[in-house]
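# Observations on the model geometry
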Amino acid sequence: MPWLAWSNFREHRRMFAGAILAVALGVALMQSSLSMMASVADARIPAGVSGQARERIQDSYAGAATLLGMTVMLAGFLALFIVGSTFAFTVAQRRRELALLRLAGASRLQLVGLLLAEAALLGAVGAGAGVLLGVPGTWAQGWLLAAFGFLPGGVSPRLDAGIMLASGCVGLTVAVLGVLTAARRAALVRPLESLRVTGRAARVMTAARWVFGLSLLACVIWLVAAGQTGHVDVLGALLIAMTVSVVGAVALSLLSPLVVPLVGGLLGRALRRTTLGEIAQANLRDGVRRSASTAAPLIVLVSLVVGLMGALESLGRMAGEEQRRIVAGELVVDSNGAQAARIAGVPGVAAASPESTVSIAVTVRRHTYYSGIVAIDPAAYGRTHRRPPRSGSLERLHGATIAVGPGLSEQGLRRGQPATVRIGARRVRVRIVALLAPVLENGADGFLVPRDLIPADMIAKAPTRTVVQVAPGAAPSLVAARIRAAGIGTVRTVATWADDEAAAQQKGNMAIFVVLVGLGGLYAAVAVVNAVVIAGAEREVEFAVVRLTGMSRPQVVRMALIEAAAVTAIGLFLGLLVAAGALAGLGTASTRAVGRPLVAVPWELLALLVPGAFIVTAAASIWSTLSATRTPPVALAVARE
């Protein structure tokens with residue numbers, strides 16, 4: 001059996017090439033990500049840094065670890081998905097070869113053992129290549145994380161033999177698990193059915209596909225409907241959007257042998273305008289397994305990328321709109337505390353609420369916070385912010401008191417709880433008198449402290465954001481010009497400031513998605529190319545017969561290209577359909593939250609994704625068709641089934 005598995009592995013190396021590459025990429029990404037996670041866990045914060053700097057470094061480490069964990073999970077999911085779909089397609093293409101083995105006396109158990117042995121060989125080769133590729137991948141990933149600001153300087157990637165061994169074992173396991181279902185199904189098919197393509201061999205939609213596909217699809221429909229009700233808030237809608245993007249992608253991938261031909265029927269009118277298009281449509285209808293294997297990775301890629309990216313961009317837009325509604329003013333001025341004290345005296349200013357970010361520490365329940373601590377004037381703050389506290393009152397924010405800001409209002413802190421404020425060498429016992437309602441903005445203020453608790457010299461040097469209300473009848477642009485002329489600071493309208501805050505929030509999201517989209521796009525390209533190449537390798541006789549009927553080689557290439565373009569369009573359409581369902585709930589939730597629908601469609605990403613998908617499938621189709629038509633058709637016609 002091992003010798004036969006090795007012989008088959010060598011003979012079908014073109015079929016297995018894509019799966020080997022998928023395993024190698026998965027192992028390399030897991031190894032590099034786990035190595036970087038170990039490096040981050042072992043990293044030490046330099047001695048002598050301030051509390052705020054220490055907290056920023058800790059947040060960077062936490063963000064990097066989260067991103068690396070997402071990379072590991074996505075790499076594992078995509079590797080298993082692609083290897084499994086590749087083996088299922090490969091086994092289906094080899095049904096006659098496997099049937100002959102059964103007719104020659106091989107049992108079902110022996111057939112399963114043969115396919116598992118082939119998978120083990122594939123996994124061993126892919127895992128070995130992945131471990132080697134993971135060594136430079138670790139350094140590349142460390143550079144990428146530092147370039148995007150997820151890691152401060154001083155974190156050096158390290159290689160660990162245990163991680164390398166574990167990553168290789170995972171790759172081998174993924175290969176074996178990926179072929180297990182296909183091997184079991186192949187063993188259940190009767191040999192004569194495989195030879196004649198009847199019975200089980202002719203079924204593309206298996207019972208498992210029906211059960212899991214329809215169950216997941218029903219779950220997606222229920223989630224989309226739940227997102228349209230009035231009982232889901234913005235964060236709930238965001239969770240629904242992310243769930244729909246993932247579950248919907250899996251559901252339509254499982255049901256792709258059913259939905260791809262259905263959607264392909266909609267393209268029939270356009271394809272039937274030419275003879276080549278009509279033949280391509282017939283191939284699309286008859287080659288269900290081939291079309292589904294090509295469309296499935298595109299469905300997964302588009303639904304995940306567009307759905308998740310659109311959800312996070314929509315959240316950023318809603319956060320900006322929320323800030324416009326919360327802030328009751330016309331201008332926002334960035335300056336230091338000493339400059340902010342002069343704003344109230346500028347002609348045309350009706351009210352000014354300075355918010356100074358101070359370098360102090362707040363300890364509550366044995367946890368010390370250094371960042372997001374803002375000194376305010378409670379009366380001015382209440383006048384320039386429309387959202388009242390969720391609990392307590394800012395009118396009590398005087399002396400030895402603090403308020404929990406929106407950034408920490410969900411951390412279980414409560415009104416009346418004691419805390420300790422460290423201001424330089426001085427420690428002050430305070431109590432919490434108010435809890436503000438949470439907001440959508442990332443990095444919102446953690447604590448609000450009264451300005452009379454902070455020394456004047458610290459306030460004067462602290463970076464300060466001042467919300468300005470313009471007097472009735474005064475033009476905001478004129479007041480802004482007067483503030484600039486006084487040399488007080490940078491002046492923006494509230495709308496511009498809110499947009500800038502939302503853009504800053506989106507910058508971090510984009511950095512994450514550059515990493516994850518690159519990973520997903522690479523895997524999708526591998527899966528699509530693999531499906532097209534496998535299909536092309538098995539269509540030599542089909543192409544030869546078509547050429548004997550009068551078609552030239554260039555016409556055959558164009559026919560296959562039209563077919564590949566149609567499958568690509570179907571995959572993109574179905575992926576966008578899932579993404580639209582994911583974002584529908586956010587549109588409803590944003591309408592309730594801010595009064596108008598704020599759904600962000602990542603057009604720039606689509607502008608790269610859609611042409612890229614067509615280019616990849618077109619290149620793979622042309623190359624595989626040219627390879628399949630290299631032999632003269634007469635020499636292959638005798639092999640017609």
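Look up: the structure comes first, before these words.
As the structure is a computational prediction, the values presented were derived from the model and not from experiment.

## Looking at the overall build of the chain
- Assigned secondary structure in the chain consists of 22 helices and 12 strands.
- The burial tally for the chain puts 51% of its 641 residues in the buried class.
- The long-range fraction of contacts in the chain, counting pairs at least 24 apart against all pairs at least 6 apart in sequence, stands at 85%.
- Accessible area of the chain: about 28500 Å², with a carbon and sulfur share of 63%.

## Things to note about the pattern of salt bridges
- Applying the stated rule across the entire model yields six salt bridges.
- We note a salt bridge from R324 to D499, for which the minimum N-O separation is 2.1 Å. Within this pair, whereas R324 is found in helix α13 (residues 288–326), its partner D499 is found in helix α18 (residues 494–537), the two being separated by 175 residues in sequence.
- Owing to a relative accessible area of 39%, D499 belongs among the partly exposed residues under this scheme.
- E355 is the partner of R465 in a salt bridge, and the nearest nitrogen-oxygen pair spans 2.7 Å. With R465 in strand β11 (residues 463–470) and E355 in strand β2 (residues 349–357), the pair connects residues that are 110 residues apart, well separated along the chain.

## Some details on the environment of G162
- Mapped onto the secondary structure, G162 falls in helix α6 (residues 161–188).
- Assessed through its relative accessible area of 42%, G162 is described here as partly exposed.
- When the C-alpha atoms of G162 and Q31 are compared, they prove to be 10.0 Å apart, with 131 residues separating the residues in sequence.

## Some points on the pairing of strand β1 (residues 331–336)
- Note: β1 against β11, six bridges, orientation antiparallel. In the sheet register, S335 faces β11, and the bridge partner there is T464.
- Both β1 and strand β12 (residues 490–493) contribute to a ladder of four bridges, which runs antiparallel. Note on β12: the bridge partner recorded for V332 is R492.

The rules we used
Residues numbered from 1 in each chain as written. Predicted model: local features only at pLDDT ≥ 70, side-chain atom pairs only at ≥ 80, totals over all residues. Heavy atoms only, no water. Helix = DSSP H or I, 4+ residues; strand = E, 2+ residues; numbered from the N terminus. Buried < 20%, exposed > 50% of the residue type's maximum accessible area, 1.4 Å probe, protein only. Contact = heavy atoms within 4.5 Å. Areas by Shrake-Rupley, 256 points an atom, 1.4 Å probe, with all protein chains shown as cover. Salt bridge = Lys/Arg side-chain N within 4 Å of Asp/Glu carboxyl O. Pairing = 2+ DSSP bridges.

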